[in-house]
Amino acid sequence: MKKGLGIIAVGVLAIAILWGTEVIPKGIGRHVATEYVQENYEEMGLEFENIEFSTAYGDYIVSFAGEDGTVYNFRLFSGRFPFSVVYDSIKRSVV
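1. Some thoughts on the overall build of the protein
Helix and strand counts for the protein stand at two helices and five strands. For the protein, the N- to C-terminal ordering of α and β elements is α-α-β-β-β-β-β. Within the protein, the proportion of its 95 residues that are buried is 28%. Here the analysis covers contacts within the protein between residues at least 6 apart in sequence; of these, 32% occur between residues at least 24 apart. Total accessible area on the protein is roughly 6,200 Å²; 60% of this is exposed by carbon and sulfur atoms.

Take a look at the structure:
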């Protein structure tokens, strides 16, 4: 029984570390933004550039580059668990 608890504790610790170092939320955010871009702007051929946490907004900002080099940003809601796009710089509006 103790061995099982040890494995669970290691798993929880690993998840906490990956979350704290932003590996997990950035992965989630990249996936959410990529799905949004593919669903709404597939014809533009946008390519993922970067994802960063914005302390100004308290949300993640995901950047995609167009074929002409123009960079478009999408702000994700909410905070440390980026699960939806809330601002679309192509539409220049809240989603």
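2. Here we look at the packing of aromatic side chains
Considering all chains together, one arrives at six aromatic pairs under this definition. Taken together, a centroid distance of 6.3 Å and an interplanar angle of 40 degrees make the contact between Tyr 41 and Phe 74 tilted. One end of the pair, Tyr 41, is in helix H2 (residues 23–41); the other, Phe 74, is in strand E3 (residues 71–77), and 33 residues separate them in sequence. Considered together, Tyr 41 and Phe 74 belong to a single accessibility category, that of buried residues. Both rings, one in Phe 48 and one in Phe 64, keep their centres 5.9 Å apart while their planes meet at 80 degrees; by these two values the pair is edge-to-face. With Phe 48 in strand E1 (residues 47–54) and Phe 64 in strand E2 (residues 59–65), this residue pair connects regions lying 16 residues apart in the sequence. Taken together, the aromatic side chains of Tyr 36, Tyr 41, Phe 48, Phe 64 and Phe 74 make up a single cluster linked through ring pairs. For Arg 30, the ring lying beneath its charged end belongs to Phe 48, and the centroid distance is 3.9 Å.

3. A few points about the sheet that holds E2
Spatially, five strands are ordered E1-E2-E3-E4-E5 in an open sheet, and the strand pairing comes out antiparallel. The strands lining the two open edges of the sheet, one partner per strand, are E1 and strand E5 (93–94). The sheet contact formed by E1 and E2 spans seven bridges and is antiparallel. The partner of Phe 48 across the bridge, within E2, is Phe 64.

4. Overview of the pairing of E2
Here is the key point about a regular strand: its side chains alternate between the two faces of the sheet. Within E2, six of the seven residues are buried, which leaves the element mostly enclosed by the surrounding structure. Taken together, the six bridges between E2 and E3 define a ladder with antiparallel strand orientation. Directly across from Phe 64, in E3, lies its bridge partner Tyr 72.

5. A few points about the pattern of salt bridges
Using the criterion set out here, one finds two salt bridges in the structure. Note that Glu 52 and Lys 26 form a salt bridge whose closest N and O atoms lie 3.7 Å from each other. Taken together, the residues span a long stretch of sequence, with Glu 52 in strand E1 and Lys 26 in helix H2 at a distance of 26 residues. Judged by relative accessible area, Glu 52 falls into the partly exposed class, the value being 40%.

The rules behind the values
- Residues numbered from 1 in each chain as written.
- Predicted model: local features only at pLDDT ≥ 70, side-chain atom pairs only at ≥ 80, totals over all residues.
- Heavy atoms only, no water.
- Helix = DSSP H or I, 4+ residues; strand = E, 2+ residues; numbered from the N terminus.
- Buried < 20%, exposed > 50% of the residue type's maximum accessible area, 1.4 Å probe, protein only.
- Contact = heavy atoms within 4.5 Å.
- Areas by Shrake-Rupley, 256 points an atom, 1.4 Å probe, with all protein chains shown as cover.
- Phe/Tyr/Trp six-rings, centres within 6.5 Å; stacked < 30°, edge-to-face > 60°.
- Lys NZ or Arg CZ within 6 Å of the ring centre and 35° of its normal.
- Pairing = 2+ DSSP bridges.
- Salt bridge = Lys/Arg side-chain N within 4 Å of Asp/Glu carboxyl O.

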